[in-house]
Amino acid sequence: SAVISQKPSRDICQRGTSLTIQCQVDSQVTMMFWYRQQPGQSLTLIATANQGSEATYESGFVIDKFPISRPNLTFSTLTVSNMSPEDSSIYLCSVEADTQYFGPGTRLTVL
Amino acid sequence: EDKVVQSPLSLVVHEGDTVTLNCSYEVTNFRSLLWYKQEKKAPTFLFMLTSSGIEKKSGRLSSILDKKELFSILNITATQTGDSAVYLCAVDRNDYKLSFGAGTTVTVRA
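First, a word on scope: everything that follows refers to the structure included in this document.

1. Quick notes on the overall build of chain B
Alright, step 1. In terms of regular secondary structure, chain B is built from zero helices and eleven strands.
Alright, step 2. Reading chain B from its N terminus to its C terminus gives the helix and strand order β-β-β-β-β-β-β-β-β-β-β.
Alright, step 3. Expected size for 110 residues packed as a compact globule is a radius of gyration near 13 Å; at 13 Å, chain B falls within 12% of this value.
Alright, step 4. A total of 110 residues make up chain B; the buried ones form 45% of that total.
Alright, step 5. Long-range contacts, defined here as pairs at least 24 residues apart, represent 54% of the contacts in chain B between residues at least 6 apart.
Alright, step 6. Only carbon and sulfur atoms are counted for the fraction: they give 48% of the accessible area of chain B, which is about 5,400 Å².
Alright, step 7. Across chain B, the 13 positively charged side chains and the 12 negatively charged ones have centroids separated by 5 Å.

Printed below as a string of structure tokens:
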């Protein structure tokens, strides 16, 4: 298994601003993922973040809006840029370690 | 396009009841089927199923996969109020990307 932490746990932001979410895992992992869960919806994959390569984004998600960094095998960040109320969601990172384990999530509210 | 369909979408039971949750899927490059329990924000891993017909058990929870008919069930026996949560089914592909169902909201009343 893997122990994952995320910061911040929650935030309330003004539209037009950006927020960077951090994900830290307690062991080295090759594959990390970022998911979004909009209110009342299930989880949707935003992108795959592998160390040493550019993040790969799913259809409907672009790097300018959700830039991702993966500087090493235990850490990643997701930035939500130029936020609008539609970006209000729970953002979750996960890691592949025999199966996928999820971090505690970041609840973002955009006013 | 991958499809993962869970049923029912929600149910309400009383403590001690047994619940059965269903998950059907149509996914290319199937690797495994996963069940998670979500309370508040974080999905908590329950089971990973890769082979047909082999039941996985953990306490009062059990799950089984049918790869021929492309579905899985999750059973919870002797339910407790602490079982109240959203239960998510996800299919893991060979590229490790997960496709999630909409989830089943289980409410257990005392």
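There is more to say after this.
2. So, the side chain of Asn75 of chain B
Residue and element names in this part refer to chain B.
Alright, step 1. Locating Asn75 in the fold gives a position in strand S8 (residues 71-76).
Alright, step 2. A polar atom in the side chain of Asn75 sits 2.6 Å from the side chain of Thr20.
Alright, step 3. Here Asn75 is in contact with Val19, Thr20, Arg60, Leu61 and Ser62, once residues within four sequence places are set aside.

What counts and how
- Residues numbered from 1 in each chain as written.
- Chains lettered and ligands numbered in written order.
- Predicted model: local features only at pLDDT ≥ 70, side-chain atom pairs only at ≥ 80, totals over all residues.
- Heavy atoms only, no water.
- Helix = DSSP H or I, 4+ residues; strand = E, 2+ residues; numbered from the N terminus.
- Rg over C-alpha atoms; globule rule 2.2 N^0.38 Å.
- Buried < 20%, exposed > 50% of the residue type's maximum accessible area, 1.4 Å probe, protein only.
- Contact = heavy atoms within 4.5 Å.
- Areas by Shrake-Rupley, 256 points an atom, 1.4 Å probe, with all protein chains shown as cover.
- Lys, Arg positive; Asp, Glu negative; His and termini not counted.
- Charge placed at Lys NZ, Arg CZ, Asp CG, Glu CD.
- Polar contact = N/O pair within 3.5 Å; in protein donor to acceptor, adjacent residues only side chain to side chain.

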